[in-house]
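These are the residues of each chain, in order.
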Amino acid sequence: MDFYRKKPKEVVKELNSNVNTGLTTGEVAKRIEKYGKNELAEKKKKSLLAMFFDQFKDFLVIILIIAAIISIATSFFNEGDGLIDGIIILGIVILNAILGVSQENKASNALAALKKMSSPHAKVLRDGKLVEIPSTELTIGDIVLLETGDYVAADMRLLSSLNLKIDEAALTGESEPVEKFADITYEEDKLLADRSNMAYMSTLITYGRAMGIVVGTGMNTEIGKIAKMLETVEEGRTPLQKTIDAFAKVLGLICIGVSVLVFILGWLQGKDIIELFLTAIALAVAAIPEGLTAVITVVLALGMQRMVKRNAIIKNLSTVETLGQATVICSDKTGTLTKNKMTVERVYAIDHEYEVTGSGYQIKGDILLNQEKAELEHNLDLILKISLLCNDANLEDEEKVLGDPTEGALLVLAAKGGYDLATKEAKFERVNEYPFDSTRKLMTTINKVDDKYLVLTKGATDQLIKRCKYISINNEVREITDKDIKMILDKNEEYSAQAYRVLGFAYKETDDYKSMELEEELIFVGMVAMIDPPREEAKDAVEQCNKAGIRVMMITGDHLTTAKAIATKLNILKPGHIALSGEDTSKMSDEEFEDAILNCDVFARSTPEDKIRIVEILQKHGNVVAMTGDGVNDAPALKQADIGVAMGITGTEVSKETSNMILTDDNFASIVSAVEEGRIIYSNIRKFTNFLISCNIGEILIILLAMVFGNLFNNLIPLAAIHLLWINLITDSFPAFALGMEKKEPNIMEEKPRDPKEPLLNRPTLVKILIQGLGLAIAALTSLYIGLQIGDEITARTMIFVTVVMGELFRTYSARSEHKFIWQMKIFSNKTLNYSVIISLILLMLLLYVPVLASIFEITALPWNNLLIATILGIVPLIFGELTKIVIKKR
């Protein structure tokens, strides 16, 4: 219901309540039964057991489970052969499932955080008495009293108000507390942020008091609507997850196809069925890169640690990589692109206009006239005095102001003009004051200055000018004229058009400082213009995004004029693109809205629904969207976005719980740093994934070709499942992990974002890994053939095992870059890779020369000449790896 369009009496009558007595106890019980308790509902969570079983739905996992079952089953008919292989495979599957459950169990607790935000108690009229009750017991029609410091416990239509200000930042994104007026009634539709006769659940009374009637409880409040959106918005799979899923299906089908082919070939050749099953299992193990998941997990986890140093806390491992593919960053304005610290930039002192340098609450900067430090002339000095004394704020330090941010900015201005903030109360005693209220829009203090009592007033220029009889101009005070007033209001309008917040200043002397009628016949001395300035680093970060092919869009709850001014300064608003507000789009059709968003760089006065629609439209057009936010109103869009980015300093617990990433410094530049880190990580994931898959392709070709040309190799299965598991999990995984630690390639932030639909195995990559796999197969089968000529089958199997291990270790150095040849790199500059290769070599030697291990793996200690032959053949895959770079160069 649009209660903001109805008068207070109409609402009370419609809800059958009474302003003087409230509801009766009996009526409350009936209404709670009808409308439910005033609390947010929550969907039933998935159990840990259900999460665990979900992990076994992956195609590759199913193949591994089948392979393990067959392996264990065949062991009963083959003297235990295959039992160890089967147990190892099942162990890998269960370990991955446990890791998966651990990640999923850290899912969003956003609704729980949302519940905490609602007020625990409320002051309400019941049976004619004012009582304090738990907020969950509020119901429709309750009459509630609101005072400074109270959280609003339900949605209410205000019935009466006095100087009421409510902080709605968490709900609407409005950066400053908004004034509320019970006596206003609207005839037309209004956006949530513009309904000044309403108070909403979870917002905070910062000033004044009011009485309201409850019009919405629980899930029927504006916060409840957000809770519904949080429950219905499904978090999509990340680009990496989608790519790995698609790749897994292809790999699984190849695995099944090759296994069936080998089984048929063997059956036609009259081979033993048990032996064929073991071969098929070996192929399944060879085709699946068992170490890939673990390596990706470790590399992403290390990436998370590096991002912490760049002021970004990543909550989900996959977000690290997704960041690297971001094509659009939808950023809030206040505190992210700007400092969230009001700063005076202009002082208009009638005779002169001054520029003020410095920003934020740091007392660094000067007041300049014509680019030179200004003299403290009469009007400027009075403006500084009023800024200092007609002020209730205190600067705690350079980062924080206690009190109103506007007054904090005025204190900084006074300090830049030479006034000592620490001694103001002792030096200039305040003897009287008229606090600010929303009717007058003024604040006045009376201070003793140089044995005189000065009335010092600041406030909205259009209201203050009505109380001024005089003006200080050209070093004299004279009566103000219509021409003077027009000049002042024109300058006020000029500043406002540039998104400045403008305050006027006036004063007079008095003898009767106790009087409460002193805000008349004042002397106007000037104005100051302040703004929440853009962060210096944000402009460079936006420029970096433009070079990287990433679109930056500002979405804010602030006013359109302010948003456009900041966006223009930061080069976010591009020529030919548009800036819109919620009012502009509220009457648009879905098609019109979609067309507008595709050309919109700035969206102001946004609602939670707007933000979700914007994200959905961008995603529909193939974008990977990062969305920033700090309020409750941002939570659904943060969840819908591919990367939800919450603010660590100003963010609500709801936004932090819903997000994928939290900025510890609330700085837009930190998002761009995280994007760069994400690109580096994806580049490295691509390197080690291609390396691992090419190894698997090589292993498949080894077994397939050995089967096809069985007579050449005495019909020997060249590698058993246990050998392939060792190679995939130990030999390959350590170097692959080291590839994940490679430093960034030059110009990585000047490349366009990768298409999320691009498969991990695109055509050029497929050709490359096939060539590399063929090189490994040729080297390995040559080693097997030589081994059979100079020794027995166990010698031959040992030689092929050594060649495969050495070949994959050597080729790791080629895999460090997809473009540079090995002689163009500093070969041994990746120390992690060097250590990984050494560890793998030591482990290989232990397998060969420790009898117990050798017997488990069914290999033997090789004499040095056989070992040398197997090792030299291991250089062949490295040569093939370098040849693939020629293929890439010719593309």
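Values in this document were obtained by computation on a predicted structure and should not be read as measured data.

Colleague: How should the sheet that holds strand β23 (residues 551-555) be read in this particular structure?
Modeller: Remark on secondary structure: sheet strands pair via backbone hydrogen bonds, oriented parallel or antiparallel. Read across the open sheet, the eight strands follow the order β8-β28-β27-β26-β9-β23-β25-β24; overall the sheet is mixed. Each edge of the sheet is formed by a strand with only one pairing partner; in this case those strands are β8 (312-314) and β24 (578-581). Direction aside, the axes of adjacent strands within the sheet are offset by 20° on average. Docked against the sheet, helix α19 (residues 560-569) engages β23, β24 and β25 (600-604), running at close to 145° with respect to β25.

Colleague: Explain the nonpolar core to me, please; I cannot follow it from the model alone.
Modeller: One broad rule of soluble globular proteins: the nonpolar side chains tend to lie buried together. Grouped together as the largest cluster of nonpolar side chains are 134 residues, with contacts concentrated most on Met 661, Phe 668, Phe 688 and Phe 801. Among the elements that line this core, the one with the most residues is helix α25 (residues 668-708), at 22 residues. If you look at the next biggest cluster of nonpolar residues, it comprises 67 residues, including Val 124, Ile 166, Cys 600 and Ala 641.

Colleague: Mind showing me how you'd approach the pairing of strand β1 (residues 121-126) here?
Modeller: Along any regular strand the residues' side chains alternate between the sheet's two faces. Where β1 lies against strand β2 (residues 129-134), six bridges are found, and the strand directions are antiparallel. Note that in β2 the partner of Arg 126 across the bridge is Lys 129. Counting the residues in the hairpin turn of β1 and β2 gives two residues, including Asp 127, whose phi is positive at 55°. Sheet analysis places β1 next to strand β3 (residues 143-147), joined by three bridges and oriented antiparallel. Looking across to β3, one finds that Val 124 is bridged to Val 144.

Colleague: Please clarify how the confidence of the model for the chain should be interpreted in this entry.
Modeller: Reading predicted coordinates in detail is not appropriate for stretches of low pLDDT. Mean pLDDT over the chain stands at 85; residues scoring 70 or higher make up 91%. Counting interchain partners and residues more than four positions distant, the pLDDT-below-50 stretch residues 106-111 has twelve contacts.

Colleague: Quick question: what am I supposed to make of unusual backbone geometry here?
Modeller: With the exception of glycine, most residues fall at negative phi, and the peptide bonds are largely trans. In this structure, Asn 163 takes a positive phi of about 50° despite not being glycine. Along the polypeptide, Asn 163 turns up in strand β4 (residues 155-167). Asn 163 sits in the partly exposed class, given a relative accessible area of 24%. Here the phi dihedral of Ala 499 falls at roughly 70°; this positive angle occurs in a residue that is not glycine. Positionally, Ala 499 belongs in the loop between α17 (482-497) and β21 (501-510).

Colleague: Just checking my understanding: could you explain empty space enclosed by the protein for this structure?
Modeller: Over the atoms rolls a probe the size of a water molecule, and in doing so it shows where empty space is left. All told, the structure shown has five cavities of 30 Å³ or more when counted by the stated rule. Around the largest cavity, the lining is made up of 13 residues, and of these Lys 768, Gln 772, Ala 815, Ser 817 and Glu 818 lie nearest the centre. Those elements that place two or more of their residues in the lining of the largest cavity are α25, α28 (763-790), α29 (793-814) and α33 (876-889). Of the residues that constitute the lining of the largest cavity, the class distribution is two nonpolar, six polar and five charged. When its volume is computed, the second largest cavity comes out at roughly 50 Å³. If you trace the second largest cavity, you find it lined by Leu 171, Thr 172, Leu 191, Leu 192, Ala 193, Arg 605, Ser 606, Thr 607, Pro 608 and Asn 633.

The rules we used
- Sequence positions are assigned chain by chain, starting from 1 and proceeding in written order.
- Per-residue local features of the predicted model are confined to residues with pLDDT of at least 70, and side-chain atom pairs are confined, for both listing and counting, to 80 or more; whole-chain, interface and lining totals are unaffected and use all residues.
- To obtain the side-chain values, all non-hydrogen atoms of the structure were included, while hydrogens and water were left out.
- Strand pairing follows a simple DSSP-based rule, namely that at least 2 bridges must link the two strands.
- Helix and strand labels come from DSSP, where a helix needs a run of H or I of at least four residues and a strand needs a run of E of at least two; each type is numbered from the N terminus.
- Axis definition: a line fit to C-alpha positions, over the contact stretch in the case of helices; interaxial angles, taken between N-to-C directions, run 0 to 180 degrees.
- Pairs of residues are marked as contacts when any of their non-hydrogen atoms sit within 4.5 Å.
- To define a nonpolar core, start from buried Ala, Val, Leu, Ile, Met, Phe, Trp, Tyr and Cys residues and group those joined through side-chain atoms within 4.5 Å.
- Partly exposed residues are those whose accessible area sits between 20% and 50% of the maximum for their type, while under 20% is buried and over 50% is exposed, using a 1.4 Å probe and protein chains only.
- Confidence scores here are pLDDT values: one per residue, from the predictor, ranging 0 to 100.
- Cavities and pockets are defined on a 1 Å grid built over the protein atoms alone: a cavity is a set of grid points where a 1.4 Å probe fits but cannot escape, while a pocket is an open set with protein on both sides within 12 Å along at least five of seven lines, and lining residues are those with an atom within 4 Å of any such point.
- Grid points are joined across faces, edges and corners, and a volume is the space filled by probe spheres set on the points.
- Amino acids outside the nonpolar list (Ala, Val, Leu, Ile, Met, Phe, Trp, Tyr, Cys, Pro) and the charged list (Asp, Glu, Lys, Arg) are all regarded as polar, and Gly is one of them.

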